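Reading the structure
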Amino acid sequence: MGSTAAAPCHLVVVPYPGRGHVNAMLNLCRLLAARDGVTITIIVTEEWLSLLGAPAALPDLGLRVRFEAIPNVIPSEHGRANDMVGFMEAVYTKMASPFERLLDRLAPPAPTAILADMFVPWTVGVGERRGVPVCIMCPISATMFAVQYN
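This report concerns the structure included in the present document. (Residues numbered from 1 in each chain as written. Predicted model: local features only at pLDDT ≥ 70, side-chain atom pairs only at ≥ 80, totals over all residues. Heavy atoms only, no water.)

Structural notes on the pattern of salt bridges
- This model, assessed by the stated rule, comprises 4 salt bridges.
- A salt bridge links Glu-100 to Arg-129, with the shortest nitrogen-to-oxygen separation between them at 2.6 Å. Placement of the pair is Glu-100 in helix α4 (residues 96-105) and Arg-129 in helix α5 (residues 122-130), with a sequence separation of 29 residues.
- Notably, a salt bridge pairs Arg-130 with Glu-100, separated by 3.4 Å at the nearest N-O pair. One end of the pair, Arg-130, is in helix α5; the other, Glu-100, is in helix α4, with 30 residues separating them in the sequence.
- Through salt bridges with shared partners, a single network forms among Glu-100, Asp-104, Arg-129 and Arg-130. (Salt bridge = Lys/Arg side-chain N within 4 Å of Asp/Glu carboxyl O. Helix = DSSP H or I, 4+ residues; strand = E, 2+ residues; numbered from the N terminus.)

Right under this line is the structure:
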């Protein structure tokens, strides 16, 4: 019996631009990138890319993880608490268009799937339009889920 190599898989990852969400998504990417045949492109805003210091500050993500940035179309991370509703509205309405433009210019291979945070729901529509499956991650803790569920 011969062994078969895993089919190549290119995941495009979209975290919600908040500390706990980005950190959780990076941890998941670390695990996924350890699998054979998986490459990952993490899409963040330019501000988040500078906050992460990527990729130099994140060497444990491996060589198969790269970062791409969309323009800063949302309010800064440093003042978002002053208008959280406005920040969330911007995430829901202003990130999709630059994300789609970025997908158009990504280096091959084409994305196999989009892995998105549950707080960036517009990724589902993008995936549907492009025929790319979308996987949703819920990064909240079990305790917070129970509070919201009840």
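What to know about the pairing of strand β1 (residues 9-14)
- The buried fraction of β1 amounts to 6 of the 6 residues, a majority that puts the element mostly inside the structure.
- Side-chain alternation along β1 places Cys-9, Leu-11 and Val-13 on one buried face and His-10, Val-12 and Val-14 on a second face that is also buried.
- Relative to strand β2 (residues 38-45), β1 runs parallel, the two being bridged by 5 bridges. What sits directly across from His-10, in β2, is Thr-39.
- Regarding topology, helix α1 (residues 19-33) serves as the crossover connection from β1 to the parallel β2, and that connection is right-handed.
- Here 4 bridges tie β1 to strand β4 (residues 113-117), and the two strands are oriented parallel to one another. Pairing of Val-14 across the sheet is with Ala-116, part of β4. (Buried < 20%, exposed > 50% of the residue type's maximum accessible area, 1.4 Å probe, protein only. Pairing = 2+ DSSP bridges. Right-handed = clockwise from strand over helix to strand, strands pointing away.)

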